[in-house]
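Structural features, examined
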Amino acid sequence: MFSKMKVFVSVFLFALVSAEDGGPAKVDEQFRKHNIVPQLISEAPKDVLEIVYPENIKASLGNELTPTQVKSQPQLYWTAEPEVKYTVVMEDPDAANSTGFLHWLVVNIPGSALTSGQVKAEYVGSGPPKGTGLHRYIFYVYKQSGDIEFTEPFTSKSSAGERLHFTSAKFAAKYNMGSPIAGNFYEAQYDDYVPILHSQFKKAPPPSTTVISVPEYITISTPTLKGRSLDLHNESLEQDAATTGASITTEPIPHDGLIFKKQHKYARKVNIQ
């Protein structure tokens, strides 16, 4: 009885949203007007996904919101079958030189119970860089055929690299989910919150090379080698390289000598006097 009541409430809410946004015809019109169809997906969803941010701020088929308004995770409402699993995707196709950016991904959602789904990418609000104009932020709901073992790794809100080059169409095709059954979108451009959002992303540490000083193998005067590379036909040097498994590369004298690279992580340096 309770499940039937939930379905009734969900359908009732959807009817209100559809009436407010103009129904399937309006969805198709706006998805085409903003070039979501056919640029990103082949056909518009039939249902409107209701997207509600704090202070009752709503996305409404292409209205403009600010990054400040959408910084917190919204509530989503769509017509759902209680026994069916769904996937929710939010993407920005205008980010990163139009290669796409994943903002939110929740899979294996039972019915419309979004908080009971499996979060694969935590929600990240809009962060269009200054001077890039309006970006489209699109939400899709896909109907799954059942429980799916998604192979994508978990992505936290502080991670950006794994979100790049994402497209919902390719993702849906990978898991045979077809076209989205519900959707909605808004547009946003830079505001003062964007630098704050970008600062939450962790900076990848630069690759490190450990340089270890070792006893000299060659003693030679610097002027002799100035502007030239060393000739490595030196028996003791070659033998040591073979023993340690290091590969030998030459460097011009301005770099102060020879560099031994071992397993691409460590280096040995031969000092030249």
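Residues numbered from 1 in each chain as written. Predicted model: local features only at pLDDT ≥ 70, side-chain atom pairs only at ≥ 80, totals over all residues. Heavy atoms only, no water.

Looking at an unreviewed UniProt entry, the protein chain carries the name OV-16 antigen, with the source organism given as Cacopsylla melanoneura.

Description of the overall build of the protein chain
Counting its secondary structure elements, the protein chain contains six helices and 14 strands. Here the protein chain, with 273 residues, has 43% of them falling under the buried criterion. When contacts within the protein chain are restricted to residue pairs at least 6 apart in sequence, long-range pairs at least 24 apart make up 69% of them. Of the roughly 15,000 Å² of accessible surface on the protein chain, a fraction of 54% belongs to carbon and sulfur atoms. (Helix = DSSP H or I, 4+ residues; strand = E, 2+ residues; numbered from the N terminus. Buried < 20%, exposed > 50% of the residue type's maximum accessible area, 1.4 Å probe, protein only. Contact = heavy atoms within 4.5 Å. Areas by Shrake-Rupley, 256 points an atom, 1.4 Å probe, with all protein chains shown as cover.)

Topic: the nonpolar core
For soluble globular proteins, the rule of thumb is that nonpolar side chains tend to be buried together. One finds Tyr-53, Leu-76, Trp-78, Phe-139 and Tyr-186 to be the most contacted residues of the largest nonpolar core, which totals 25 residues. In this structure Leu-76 touches Leu-49, Glu-50, Ile-51, Val-88, Trp-104, Leu-114 and Phe-139, once residues within four positions along its chain are discounted. Grouped together as the second largest cluster of nonpolar side chains are 24 residues, Leu-102, Tyr-142, Ile-148 and Phe-166 included. (Core = buried A, V, L, I, M, F, W, Y, C linked by side-chain atoms within 4.5 Å.)

Structural notes on unusual backbone geometry
Here the residue pair Val-37 and Pro-38 is connected by a cis peptide bond, since its omega of 5 degrees sits within 30 degrees of zero. Within the secondary structure, Pro-38 sits in the loop between α2 (23–33) and β1 (47–48). Its identity is not glycine, yet Asn-35 carries a phi of approximately 60 degrees, on the positive side. Within the secondary structure, Asn-35 is located in the loop between α2 and β1. With a phi close to 55 degrees, Asn-176 is a non-glycine residue in the positive phi region. Tracing the chain through its elements places Asn-176 in the loop between α3 (168–174) and β10 (182–188).

Section: the sheet that holds strand β2 (residues 50–53)
Each strand in a sheet pairs with its neighbour through backbone hydrogen bonds, running either in the same direction (parallel) or in the opposite one (antiparallel). Spatial strand order, β3-β2-β5: three strands in an open sheet with antiparallel pairing. Strand pairing shows two members of the sheet lacking a second neighbour, β3 (57–58) and β5 (75–77), which therefore form its edges. (Pairing = 2+ DSSP bridges.)

Brief notes about the confidence of the model for the protein chain
In this model, the protein chain carries an average pLDDT of 78, and 66% of its residues clear a pLDDT of 70 or more. With pLDDT under 50 throughout, residues 1–19 is counted as low confidence; its partners more than four residues away or in other chains account for 14 contacts. (pLDDT = per-residue confidence, 0-100.)

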